[in-house]
Amino acid sequence: TLEETLGRSFKVTNAKKFENSAIQRAIQSLSTAQTLNSGVGTLHGAAWADAAGNIAEIREDVGRHNALDKLIGVLLSTNLSHRDGFALITSRASYEMVSKASAANIGMLVAVSGPTSLAINTAKESGMTLLGFARDGRQTIYANKQRIII
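Residues numbered from 1 in each chain as written. Predicted model: local features only at pLDDT ≥ 70, side-chain atom pairs only at ≥ 80, totals over all residues. Heavy atoms only, no water.

## Overview of the packing of aromatic side chains
Stage number 1. One pass over the full model with this rule turns up one aromatic pair.
Stage number 2. With centroids separated by 5.0 Å and ring planes inclined at 70°, the aromatic side chains of Phe-18 and Phe-86 adopt a geometry described as edge-to-face. Taken together, the residues Phe-18 in strand S1 (residues 18–19) and Phe-86 in strand S4 (residues 85–89) connect sequence positions 68 residues apart. The exposure classification of Phe-18 matches that of Phe-86, with both residues buried. (Phe/Tyr/Trp six-rings, centres within 6.5 Å; stacked < 30°, edge-to-face > 60°. Helix = DSSP H or I, 4+ residues; strand = E, 2+ residues; numbered from the N terminus. Buried < 20%, exposed > 50% of the residue type's maximum accessible area, 1.4 Å probe, protein only.)

## Re the pattern of salt bridges
Stage number 1. This structure, assessed with the given rule, holds three salt bridges.
Stage number 2. The shortest N-O distance in the salt bridge between Lys-100 and Asp-69 comes to 2.9 Å. Placement of Lys-100 in helix H5 (residues 95–103) and of Asp-69 in helix H4 (residues 64–78) is noted, with a sequence separation of 31 residues between them.
Stage number 3. Here Lys-100 falls in the partly exposed class, since its relative accessible area comes to 27%. (Salt bridge = Lys/Arg side-chain N within 4 Å of Asp/Glu carboxyl O.)

## Thoughts on helix H2 (residues 20–33)
Stage number 1. For H2, built from 14 residues, the straight-helix expectation of 20 Å at 1.5 Å per residue is met to within 8% by its first-to-last C-alpha distance of 20 Å.
Stage number 2. Within H2 the residues assigned to the buried category are Ala-22, Ile-23, Gln-24, Ala-26, Ile-27 and Leu-30. (Expected span 1.5 Å × (residues − 1).)

## Topic: the confidence of the model for the chain
Stage number 1. The predicted model of the chain has a mean per-residue pLDDT of 87, with 86% of residues at 70 or higher.
Stage number 2. In this model residues 1–7 is a low-confidence stretch, pLDDT under 50, and it forms ten contacts with partners more than four residues away in sequence or in other chains. (pLDDT = per-residue confidence, 0-100. Contact = heavy atoms within 4.5 Å.)

## Details of the side chain of Thr-90
Stage number 1. Here Thr-90 is to be found in the loop between S4 and H5.
Stage number 2. Using a relative accessible area of 17% as the deciding quantity, one classes Thr-90 as buried.

## Remarks on the sheet that holds strand S6 (residues 129–135)
Think of a sheet as strands paired side by side through backbone hydrogen bonds, with each pair either parallel or antiparallel.
Stage number 1. Pairing is mixed in the open sheet, where six strands are placed in the order S3-S2-S4-S5-S6-S7. If you trace the sheet from one side to the other, it starts and ends with strand S3 (55–61) and strand S7 (138–143), each paired once. Between one strand axis and the next, the sheet turns through 20° on average, direction left out of account.
Stage number 2. Inspection of the sheet shows S6 paired to S7 by four bridges, in the antiparallel sense. Paired with Arg-135 across the bridge in S7 is Arg-138.
Stage number 3. Sitting on the sheet, H4 touches strand S2 (44–50), S3 and S4, and the angle it makes with S3 is about 140°. (Pairing = 2+ DSSP bridges. Axes fitted to C-alpha atoms, helices over the stretch in contact; angles between N-to-C directions.)

## Comments concerning H5
One turn of an α-helix holds 3.6 residues; hence residues three or four places apart share an orientation.
Stage number 1. Inspection of H5 places Met-97, Val-98, Ser-99, Ala-101 and Ser-102 among the buried residues, and these make up the whole buried set.
Stage number 2. At the C-terminal side of H5, Asn-105 shows a positive phi close to 60°.

## Quick look at the packing of H4 against H5
Angle between the axes and distance between the axes are the two parameters that describe a pair of packed helices.
Stage number 1. Contact pair H4 / H5: the axes reach a minimum separation of 11 Å and the direction vectors enclose 5°. As judged from the angle between their axes, H4 and H5 are roughly parallel. Facing Arg-64, His-65, Leu-68, Asp-69 and Ile-72 of H4, the residues of H5 in contact are Glu-96, Met-97, Lys-100 and Ala-101.
Stage number 2. Taken together, the residues of the contact of H4 with H5 sort by class into four nonpolar, one polar and four charged. (Parallel < 35°, antiparallel > 145°, perpendicular 65-115°, else oblique. Nonpolar A, V, L, I, M, F, W, Y, C, P; charged D, E, K, R; others polar.)

Rendered as structure tokens:
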């Protein structure tokens with residue numbers, strides 16, 4: 001089971017729903033928000049978008065896990081995670097990333113690349129909405145589509 005694999009299971013209680021247009025707005029502005037990456041081109045980003053799809057925070061790092069860790073740290077220290085919003089990552093979604101996000105009670109994680117199968121299972125079991133291949137004008141919903149208003 002997932003609990004055996006991870007050692008602990010987290011359940012997302014954040015039930016906020018998001019318009020598809022807000023998700024697309026955040027996706028479209030993600031690369032512009034990555035100011036460090038624009039200079040070097042080799043950094044991953046993890047961003048927090050508000051309910052309207054405006055990027056409120058972004059953290060960058062050469063490691064995709066580090067970028068998400070930095071974002072979660074900011075969310076928890078500034079109480080942003082309890083506001084209406086969702087997280088975006090410029091990489092694929094692994095089960096570790098989904099686990100970290102669900103532990104922070106992030107209701108939706110949007111990845112520009114595809115998720116692993118274990119990430120999908122982790123998202124389903126935790127109650128997190130997981131999107132992958134999120135690019136301009138499209139995305140694939142892999143888990144818990146109830147948070148998306150199309």
